[in-house]
Amino acid sequence: MKTGCFRQLFCIFFVFLQPIMLKTPLLGCTLAELKTIAAELGLPAFAGKQMAEWIYKKHVGSIDDMTNISQKNRMALSERYCIGLNLPSDEQRSADGTVKYLFPTIGGKQVETVYIPDRERATVCVSSQVGCKMNCLFCQTGKQGFEGQLTAADILNQIYSLPYRDRLTNIVFMGQGEPMDNLDEVLRATAALTSEWGFAWSPRRITVSSVGVRGKLKRFLDESDCHVAISLHSPIPEQRSQLMPAERGMSITETVELLRHYDFSHQRRLSFEYIVFDGVNDSITHARQITRLLSGLDCRINLIRFHQIPDVDLHGVDDKRMEVFRDYLTNHGIFTTIRASRGQDIYAACGLLNTKNKQAKADMNLE
C-alpha cells in the first residue's frame, strides 16, 4: 500500500473513532445524574432509573443491552454516552490464586488491580490514581511519579469488568495512588458502591486507606461510612518522614488526634498498616511507641511483609521477628495480625507490573 493511501485510511479511521473516544461513561453516575441525562435527551422520566438498574444491578456491557429502553432512545443515548467498560490489558497469575490486572483508563494510562481469593473471602485491591504524589520510599508506584487522577468510572471499572466480580466479598482502596488526594472521585465511587440505586454493598465491606492528608481525611470520615486504614510504618515522626514524605504535611500524631474524634467501636473499623523493615522499624522500642501513640484508640494493626522493589535498600524480616513484634503489641492491648503474603511469584508489590509494561514499551521504541 502506498504511503499516501495508508495516511488517508488512518485519518478516516481516526475521525471515525473520535466520537467513540469522546463518549462519556455512565458508570459512576448517580441516579440523579442519570435522570438528568435522560431528561436532556428527551427520554422518559423513568429512563434514568432504568439505566441505573442495568448498570449497577445487571452489569450490562453496552447500552444496546438495555432492552427495556426503546431502540430509538438507546441510539440517542449511545451517540454521546457509553457504559465505561474497559477490559484488562494484561494480567499476571500467581500459584496461590492471586491475579494482578493492568487496566486501561479513560485518559489512556494504565493502573493495577489485584484480585485476592482466600477461602470464603475474595478481595479486590483497586487503584485511585495513575502514579502517586506521596513518593513513599518503599513503594514502586511513588517512583513513577504522579500521572493523573482516575475518574469514578476508572475506579469502578476495576470492579465492574473484573472476571471474578460475582465472587467478591471485600473491596480495598490500597492500590496505586493516595485515595484522599483524589477524594471527589473516590467518594463518587464509594457512593455508587454503597447506595441503594448503585451496587448496594455494605460500607463494612469496603476499606479506604490513607497516609493522612490534611483536610481530606476529615472530609472522608464525615462523608463516608467505609472502614479506614492508615499507613503508619513508624510511630516516630522523624523516621516516618524519611519513609513517607507525607508526614511533613500531616503528621501521624495529628492524624491519630483527628481519629480520636470518631467512633470506631461499632460498624466502622479503624486499622493501621505497618510494613516491617529489618533494622529500621522492627524494634521493641518501636512497638512500645506504637502502644503509646494509639493508647485508648479502638483499632487494630496489620503487620505486612515487605516486597522488595528495585533500587531501595530496605529488607523484610523473618517470621520470628514478625511474631515477636505482633505478640508485644497484642500483649499490650492492640489487636494485631500478620497479613499473609500473596502473589509473591508475580509482580506483587504496587507499581511493579505497570513499571514492567512501561519498560517493555520503552525497550521496543529503542529497537
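Caption draft 1: Focus on the packing of aromatic side chains. Applying the stated criterion across every chain, the model contains eight aromatic pairs. Both rings, one in Tyr115 and one in Tyr164, keep their centres 4.5 Å apart while their planes meet at 10°; by these two values the pair is stacked. Within this pair, whereas Tyr115 is found in strand 5 (residues 110–118), its partner Tyr164 is found in the loop between helix 6 (152–160) and strand 9 (170–173), the two being separated by 49 residues in sequence. Judged by its relative accessible area of 3%, Tyr115 falls in the buried class. Judged by centre distance (5.1 Å) and plane angle (70°), the ring pair of Phe277 and Phe306 falls under edge-to-face. Of this pair, Phe277 sits in the loop between strand 12 (270–276) and helix 11 (284–293) while Phe306 sits in the loop between strand 13 (300–305) and helix 12 (319–331), and the two are 29 residues apart along the sequence. Both residues of the pair, Phe277 and Phe306, count as buried. Members of the aromatic cluster, connected to one another through ring pairs, are Tyr56, Tyr160, Trp197 and Phe199.

Caption draft 2: Representation of the pattern of salt bridges in the model. Enumeration over the complete set of coordinates arrives at 16 salt bridges. Put simply, Arg214 and Glu254 hold a salt bridge, and the shortest N to O gap is 2.9 Å. On the criterion of sequence distance, the pair formed by Arg214 in the loop between strand 10 (206–210) and helix 8 (216–223) and Glu254 in helix 10 (residues 252–259) is long-range, its members being 40 residues apart. A residue is classified by how much of its surface remains accessible, and Arg214, at 52% relative accessible area, is exposed. Residue Glu254 is classed as partly exposed on the basis of its relative accessible area of 32%. With a closest N to O distance of 2.6 Å, Arg240 and Glu247 form a salt bridge. Judged by relative accessible area, Glu247 falls into the buried class, the value being 6%.

About the criteria used
- Residues numbered from 1 in each chain as written.
- Predicted model: local features only at pLDDT ≥ 70, side-chain atom pairs only at ≥ 80, totals over all residues.
- Heavy atoms only, no water.
- Phe/Tyr/Trp six-rings, centres within 6.5 Å; stacked < 30°, edge-to-face > 60°.
- Helix = DSSP H or I, 4+ residues; strand = E, 2+ residues; numbered from the N terminus.
- Buried < 20%, exposed > 50% of the residue type's maximum accessible area, 1.4 Å probe, protein only.
- Salt bridge = Lys/Arg side-chain N within 4 Å of Asp/Glu carboxyl O.

Keep in mind these values describe shape, not function.
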